[in-house]
Amino acid sequence: MSEEIAISVKNVSKDFVLPHEKVSSIKSIFTSVTKKRNKKADTQHALKDVSFEIKKGEFFGIVGRNGSGKSTMLKILAGIYQPTAGSVRTKGKLVPFIELGVGFNPELTGRENVYLNGAMLGFSDKQVKAMYKDIVDFAELERFMDQKLKNYSSGMQVRLAFSMAVRAEADILLIDEVLAVGDADFQRKCFDYFRSLKGAGTTVVFVTHDMDAVREYCDQAILIENSQLVERGLPSKVAASYTKMFTDQAKGADESSKEQKRWGNSSISYKKVSVSHNKLTSANKEITIKLTAVANKEVENPVFGFLIKNSAHVQILGTNTKIIRKDIKILKKGESIELEWTVPNIFNEGLHYIDPAIIHDGGQVADWWEEAAAFRAIKEDKTPFIVSPDIGLTIGSK
Amino acid sequence: MHKLTQRYRYSYILLRQLVKSDFKLRYQGSVLGYAWSLLRPLFLFIILYIVFAKFLKVGGTIPHYPVYLLLGIVLWNYFTEVTAGSVSAIVGSGDLIRKINFPKYVLILAGSFSAFINLLLNFIVIGFFMVLTHVALTSSAIIMIPLIIELFVFSIAVAFFLSALYVKFRDVLYIWEVIIQGAFYATPILYPLSLIPDKAAKILILNPMAQIIQDARYVLVTKDTDTIYTLWGGDRWIWLIPIGITVVTALAAAAYFRKQSKYFAEEV
C-alpha cells in the first residue's frame, strides 16, 4: 500500500516562448509579416527533462533557488501548465494551494465566499453546508460572516481561506510556500495541520526555500537548479546540496573562475586560501583564514592582507601585515609563507567573500585575488546592519 | 468512468456557484435590485413605443409593432450580452486560471447562463405586453423552443471564440464593439425587412440572428412579417444555411477554445 505511486513525472520539459515584442494586437501581426521575420522569439527552458516519482503518503519537498523552475514544476503537477514534453500522472484527488483563498470575491460576504471557494475545491452546496460551522469556528469569524469580504482585514481573509483549505479532502496536496504568509500563530496552525496530514496518508508536495521545514517534515526531496533535477533523496542530503550550492557559487577557490577576478605581477602569489568554517554559526566565536603564498622572485617588504565583503559586495573589514605592524623583511625566490588570521565572528547573516592580496614596494600589486574563498554566516539574532557582533548588556537597577 | 463523472460533477458545482455569484453581484448596491431585470425591458418598451409607433411610424402596416420591436431587441440584447460580456471573461479571471486548474469553459457557460436567466425574465415582460396589446398566442409559439436553443448555441459559440482570441489579441474587444454596432443595423431589428430591396433582404436573412429574430416574431407576434421561408419561397432547403452557420461556428469555436484553453494559464 505504501509503495503505491501517487505522482509519476516522466521526462517533463517546459518551454516558455518569450517573444521580443509581444504580438498582441492585430496591427502588429501585419507589420511583423511585412517587416521580415527577424524577431525570433526567445525560448526559455523552465524545465529540462525532469523525472521523479512520489509515493503515496509521502511528504515530498521540491527545493531550489528563485527562478530555478520549482514553481513551474508545481504548476505542471497541478495541471495549470501543460508540459511541452513528457508526461505527468497523478492518482487521486489533487488540490493545489498555490495561493490561499483562490477565487475569493471582495464584493461577496464571507458566507457567500465560503460557498464559492468551496465550489473551487470541489464541494457541492450540500457538503459546504454540512461543514460550514466547523469552517467558521476554526477561522474564529462567527460575527463577520455576513460582512463583505472587502471589509475583512488581510489576516481575517487568510484565516478564512486556510480554514477552507484544511477541509479539502485531498489525496494529494500541493503547497507553494503558503507558510510564508501569516503571523507566528498562524504558522503554527499550519504546521499542526501538516503534522496531522502526515498520519492520515495524504501525499503532500511542498515547494519551499526553507531547509529547516524540509528537514523537519519531508520524507523525500528533490533539488531543482537551472531547470534541471540535480539532487534527489533524503531531505538532509538535498538540503545539504542546496546549502552547498550557495557556498560553491562564490568560492573562487575552485580554480575555474579565477582569471577575471585575480590580477597582479605574480612576484609573489597565493597558492592556497582556506577558511576554518564554511558555515559560521553563533557558536563559533571566530573564523580562521589561512593564506599560503610562495615567492616567484626575491621581494623586499611584502605586505600581506585581506578584506572581507558581504553578499552585497560591501567591504566590511580588512587588514594587512603593515597595519598590524608585523613586517616581513624579505622573501627569497621559492620561499613560501603561511599566514593564519583569526577574525572574531561579528558577521551578520549571509554569504561573505574573502579577497586576499599581496602588495610590495609601496603599492605594486603582486597578487590580488577577489573572492578567493567564501563562508556563510548564520545568525539567529539578525540585525539590519552590516555587522552583527555579540553585544553585551548588563541591566542594573537602583 | 468514475473520473468522467467526477470531472463533470466539478464543472457542475463550479458553474452553479459562478452563476449564483454573478447574479448576486449583478445588481449589488442598487436599491431596486433584481427588479431592474424587469424594469429595464419595461422602460425600453415605453421608449420604443413612443419613438417608433408614435413618431417615426416605421412599422407601417405591421400589427403590434411595439411588441414586435421589443421581441427583436430583447433577443438581440441577449446576443450582445453573451458575446460582449465573454470577450474578457477569460482574461478577467486570469488570477484564478493561474492558480487553479479547472475546466475553463465553465467561465463562458456561467456568463451565458446568467444572460439566459435575464432573457427569461425579459420574456415575462414581453408576455405581459402581449396580453396588454391583445396579441393572440397560437400553438406555433412552441417553435420558440428550438429558436431559443439556436440562439443559445450561436451566442455561446461566438463567445467561446472571442474569449479565447482575446487572450492572444487584445484588439478583439474594440473590434467586436464595432462589429456588433454594424451587425445591429445589418439585422432587421429596428426596421421591417420589407423596407429594403428584396435582394438585400434575401442575403440579410441568412444571418442566424436575423433568421432567429424574424422567425420568433412570426411565431409569437404576427404572421405578417418576412421570414426565410417567405423571402426564398421555393428554395425550401435554404433555411439550412443559418442553421449550418450556427453549427459550423459552434464546432469551430469549441475546437479552437479547447485547443487554446491549455495555454490560458501562461498567456493571460
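Scoring rules and cut-offs
Residues numbered from 1 in each chain as written. Chains lettered and ligands numbered in written order. Predicted model: local features only at pLDDT ≥ 70, side-chain atom pairs only at ≥ 80, totals over all residues. Helix = DSSP H or I, 4+ residues; strand = E, 2+ residues; numbered from the N terminus. Rg over C-alpha atoms; globule rule 2.2 N^0.38 Å. Buried ≥ 20, exposed ≤ 12 C-beta atoms within 10 Å, placed from the backbone. Contact = placed C-beta atoms within 7 Å. Nonpolar A, V, L, I, M, F, W, Y, C, P; charged D, E, K, R; others polar. pLDDT = per-residue confidence, 0-100. Core = buried A, V, L, I, M, F, W, Y, C linked by C-beta atoms within 7 Å. Pairing = 2+ DSSP bridges. Axes fitted to C-alpha atoms, helices over the stretch in contact; angles between N-to-C directions. Parallel < 35°, antiparallel > 145°, perpendicular 65-115°, else oblique. Left-handed = near helix turned anticlockwise from the far one by under 90°.

So, about the overall build of chain B. A count of helices and strands for chain B gives 13 helices and zero strands. Its helices and strands taken in sequence order, chain B reads α-α-α-α-α-α-α-α-α-α-α-α-α from the N to the C terminus. Here chain B has a C-alpha radius of gyration of 20 Å; the compact-globule value for 268 residues is 18 Å, and the two agree. Once the C-alpha set of chain B is aligned to its principal axes, its extents read approximately 60 × 50 × 40 Å. Counting all 268 residues of chain B, 37% fall into the buried class. Contacts in chain B between residues at least 24 apart in sequence constitute 77% of all its contacts with a sequence separation of at least 6.

Attention shifts here to the interface of chain B and chain A. Counting residues at the interface gives 20 residues for chain B and 24 residues for chain A. Those elements that place two or more of their residues in the side of chain B that touches chain A are helix H1 (2-26), helix H5 (94-99) and helix H13 (264-267) of chain B. Here the side of chain B that touches chain A takes seven residues from H1(B), the largest share from any one element. The residue makeup of the side of chain B that touches chain A, split by class, is eight nonpolar, four polar and eight charged.

Let us now look at the confidence of the model for chain A. Detailed reading of the predicted model is not advised wherever pLDDT is low. All names here are of chain A. Counting all residues, the mean pLDDT for chain A is 83, and 88% of those residues have values of 70 or more. Looking across chain A, the model is least confident in helix H1 (residues 26-35), with a mean pLDDT of 60, and most confident in strand S18 (residues 336-344), with 93. Within the model, pLDDT remains below 50 along residues 252-259, and this stretch shows nine contacts once partners closer than five positions in the same chain are excluded.

In this structure, Leu174(A), Val205(A), Leu71(B) and Leu75(B) are the most contacted members of the largest nonpolar core, which totals 131 residues. It is helix H3 (residues 65-87) of chain B that provides the largest number of residues to this core, a total of 14 residues. Contacts of Leu71(B), omitting those with residues within four sequence positions, involve Ile126(B), Ala216(B), Arg217(B), Leu220(B) and Val221(B). Listed in part, the 29 residues of the second largest apolar core include Leu280(A), Leu331(A), Phe347(A) and Ile358(A).

Residues and elements named next belong to chain A. Note that strand S15 (residues 303-310) and strand S19 (residues 350-360) share eight bridges and pair antiparallel. The residue of S19 that forms the bridge with Val303 is Ile359. Across five bridges, S15 lies against strand S16 (residues 315-320) in antiparallel orientation. Within the sheet, the bridge partner assigned to Phe306 lies in S16 and is Thr319. In this structure, the hairpin formed by S15 and S16 is closed by a connection of four residues, where His313 is found at a positive phi of approximately 60 degrees.

Consider a sheet: its strands pair through backbone hydrogen bonds, and that pairing is either parallel or antiparallel. Residue and element names in this part refer to chain A. Taking strand neighbours across the sheet as the criterion, the three strands line up as S2-S1-S4 in an open arrangement whose pairing is antiparallel. One side of each edge strand has no neighbouring strand; the edge strands of this open sheet are strand S2 (42-55) and strand S4 (85-90). Averaged over all adjacent pairs, the angle separating strand axes in this sheet is 20 degrees, with direction ignored. Relative to S2, strand S1 (residues 5-18) runs antiparallel, the two being bridged by 10 bridges. Paired with Val12 across the strands is Val50, a residue of S2.

Attention shifts here to the pairing of strand S6 (residues 172-176) of chain A. All names here are of chain A. Within S6, five of the five residues are buried, which leaves it mostly tucked inside the rest of the structure. On S6, burial covers both faces: Ile172, Leu174 and Asp176 on one face and Leu173 and Ile175 on the other are all buried. Relative to S6, strand S5 (residues 94-97) is paired through four bridges, and the arrangement is parallel. Counted as the bridge partner of Pro96 is Leu174 from S6.

This next bit is on the sheet that holds strand S11 (residues 268-275) of chain A. Residues and elements named next belong to chain A. The strand order across the open sheet built from three strands is S11-S13-S18, with neighbouring strands paired in antiparallel fashion. This sheet does not close on itself; its edge strands, each paired only once, are S11 and S18. For this sheet, the mean inter-axis angle between neighbouring strands, taken without regard to orientation, is 20 degrees. Bridge count for strand S13 (residues 286-295) against S18 is nine bridges, and the pairing is antiparallel. Along S18, the bridge assignment pairs Val294 with Ser336.

Residue and element names in this part refer to chain B. Across the interface, helix H2 (residues 35-56) lies against helix H6 (residues 105-132) with an axial gap of 9 Å and an inter-helix angle of 45 degrees. As judged from the angle between their axes, H2 and H6 are oblique. In this structure, H2 meets H6 at a crossing whose hand is right-handed. Contact residues: H2 offers Ser37, Leu38, Pro41, Leu42 and Phe45, while H6 offers Asn118, Leu121, Asn122, Ile124, Val125 and Phe129. Tallied by class, the residues present in the contact of H2 with H6 amount to eight nonpolar, three polar and no charged.

All names here are of chain A. Structurally, Ala283 can be placed in the loop between strand S12 (279-280) and S13. Owing to 7 C-beta atoms within 10 Å, Ala283 belongs among the exposed residues under this scheme. Linking Ala283 and Lys198, residues 85 residues apart in sequence, is a C-alpha distance of 33 Å.

Residues and elements named next belong to chain A. Inspection of the secondary structure assignment puts Lys290 in strand S13. Taking the C-alpha atoms as reference points, Lys290 and Glu340, 50 residues apart in sequence, are found 4.5 Å from one another. Leave out the neighbours within four places in its chain, and Lys290 touches Ser274, Glu338 and Glu340.

The subject of this paragraph is unusual backbone geometry. Most peptide bonds take the trans form, and the phi angle of most residues other than glycine is negative. Of note, Ser266(A) is a non-glycine position whose phi angle comes to about 60 degrees, a positive value. Here Ser266(A) shows up in the loop between strand S10 (262-263) and S11. Residues other than glycine seldom take positive phi values, yet His64(B) does so here, at roughly 55 degrees. Looking at where His64(B) falls in the secondary structure, it is placed in the loop between H2 and H3. Looking at His64(B), the number of C-beta atoms within 10 Å reads 22, which means it is buried.

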